[in-house]
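One letter stands for each residue in the lines below.
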Amino acid sequence: MSWKIPLRYRNSLAFRLTALYTITGVLAVVVVLGGSYFILKGQLTQQMDQSLLNEIEEYAALIAVQPLNVVRDVLDQEVMSEGSNTLFFRIFDADGKPIFATDLNAWAGSDSNRTHILAALQGRTVFENFQQTGEPFPARIVYSRISNGRVLQIGETTAGNALVLRHFRTVFFLVTLVLALCSLVTGWLLARSTLKSLQRVTRAARAISAGDWSCRVAVSDRGDEIDILALAFNEMIERIQVLVRELRNVSDDIAHDLRTPITRLRVAAENLLRRDAPRAEQEETAVVILESCDELLGLINTMLEISQTEAAGILDATVSVDYSALVEDVCDLFRPAAEDKGINFVTNIKPSVFVRGDIRTLRRALANIVDNAVKYTDADGEVSVLLDVQGARVATRVKDTGPGIHDEHIEKIFSRFYRVDSSRTEGGNGLGLSLSRAICRAHGGDVTVRSTVGVGSDFLMLLKGAEKKLEPSTRT
Ligand code: ADP
């Protein structure tokens, strides 16, 4: 696989993280400042309305006690001092007709709303927004009933408030802009520092794919997610390295183990080609060829069987096996060879023990272990096979008084082709225990060993027991 995936900036993590930070930052500012803007706007309108109400109260009191010409002077004075486009007053009589108004040049159309005048005549105080011609901001107008059933109308511009809101909007815009820039820079810096750590992993992966298996990702003491990733990555590389080493060893071992029978085959074939060889010698050569072929086939078949058993995973066995009978049969098979060798072969097999599984492979698994015990134990030694039930587990122990296995070899003897050097004088190919373990694991169990050099070995084969005999039962 190529590492050189063209990195489009728009798809890059750095871009996406930066964009995310920026959008989040801007959204947060817009929500906070936007909310504040609307609250402020509401407050200003409320204040404006309250001030108009106060003015209504003040002038209503004046109108109630002063003749109209005095009121007119006061109101005109007020409008003159404030500005006629800023403020106006108008009084309507009980029929809704205007009886007095200050300068209305800037307020054309402000008397058109009869509904408000009538509502005010009925005693309601009414507010409205009014757009003066040529003014950028709408004014606020209030209608309210005063003494003698008349209506006082006051209009006032909101220019002051609008100015405050305009300033606010400018600040809003600037703050958003500054924060967007800050979020952009912060986001980019954060994304860069995060991605820098990720690049450590990428660099290590590239170095390893280029052949530098010693390369590892540096792990900082922060203990963050990248460190966890780096640790997991390093562990994975460690594991792959072990597997590659094992694979290399297995290939070496296969080559080594195939060489002997193939060389023998070659020599035998050469002998056969010698036409002058006597008939008896030719027959002997043919036997050697057959034996070598069998050895090769046996080796290849066992290798295939181990791979297939390991690849198949845990067996979903529904067949019940009379395991006690199976162990008896295996013992019967090896007892003569053991006795011929002068070994005391002892058995203690609990009857009627059942397990679920495959009878053929289970027999093979146990036979390999018993075969080893007999093979590696000298005359006058002892091999004992014990079958018992430990809770839900069925335990088969194969003990011998052979040479024992040194600690450094204990786990390795279950690897393919592994043979302790001192055992090489005996026949074998180092595949028996691998196959036994693969079979037991496929049955949900395992094979382990305890051993003391010079005392002997004790192999324990654990399987899952079946509580009662299931149909159909298979007898060996
Ligand atoms: P082999 O065909 O060599 O017996 P195995 O996989 O059955 O292959 O065993 C692997 C190695 O484990 C053997 O070569 C031997 O060195 C060691 N071993 C197995 N069983 C015993 C035992 N009962 N006593 C001592 N060594 C043993």
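In what follows, the structure referred to is the one given above.
Quick summary incoming for the structure in this document. Just so we're clear, the structure is a prediction, and the values are computed from it rather than from any experiment. (Residues numbered from 1 in each chain as written. Predicted model: local features only at pLDDT ≥ 70, side-chain atom pairs only at ≥ 80, totals over all residues. Heavy atoms only, no water.)

The subject of this paragraph is the packing of aromatic side chains. The description of an aromatic ring pair uses the distance of the two centres, along with the angle that the planes make with each other. The full count for this structure, using the stated rule, is 5 aromatic pairs. Consider the rings of Trp107 and Phe130, whose centres lie 6.2 Å apart with planes at 25°: the pair is stacked. Of this pair, Trp107 sits in the loop between β2 (98–101) and α3 (114–121) while Phe130 sits in strand β3 (residues 126–130); the two residues are 23 residues apart in sequence, bridging distant segments of the chain. Owing to a relative accessible area of 1%, Trp107 belongs among the buried residues under this scheme. Each residue in the set Tyr37, Phe38 and Phe168 is aromatic and connected to the rest through ring pairs, giving one cluster. Directly above the aromatic system of Phe414 lies the positively charged group of Arg437, at a separation of 3.9 Å from the ring centroid. (Phe/Tyr/Trp six-rings, centres within 6.5 Å; stacked < 30°, edge-to-face > 60°. Helix = DSSP H or I, 4+ residues; strand = E, 2+ residues; numbered from the N terminus. Buried < 20%, exposed > 50% of the residue type's maximum accessible area, 1.4 Å probe, protein only. Lys NZ or Arg CZ within 6 Å of the ring centre and 35° of its normal.)

Here we take up the pairing of strand β5 (residues 151–156). Among the 6 residues of β5, 6 are classified as buried, and the element is accordingly described as predominantly covered. Judged by which residues are buried, β5 turns out to be covered on both faces: Val151, Gln153 and Gly155 on one side and Leu152, Ile154 and Glu156 on the other are all buried. Relative to β5, strand β1 (residues 87–92) runs antiparallel, the two sharing 6 bridges. Counted as the bridge partner of Ile91 is Leu152 from β5. For strand β4 (residues 139–145) and β5, the ladder comprises 6 bridges, and the chain directions are antiparallel. Across the sheet, the residue bridging to Tyr143 is Gln153, located in β5. Taken together, β4 and the strand that follows it, β5, pair antiparallel across an intervening segment of 5 residues, in which Asn148 is found at a positive phi of about 60°. (Pairing = 2+ DSSP bridges.)

Turning next to the side chain of Gln153. With respect to the element layout, Gln153 can be found in strand β5. Judged by its relative accessible area of 0%, Gln153 falls in the buried class. Among the polar contacts made by the side chain of Gln153, one reaches the main-chain carbonyl oxygen of Ser110 at a distance of 2.9 Å. There is a polar contact of 3.3 Å between the side chain of Gln153 and the side chain of Tyr143. (Polar contact = N/O pair within 3.5 Å; in protein donor to acceptor, adjacent residues only side chain to side chain.)

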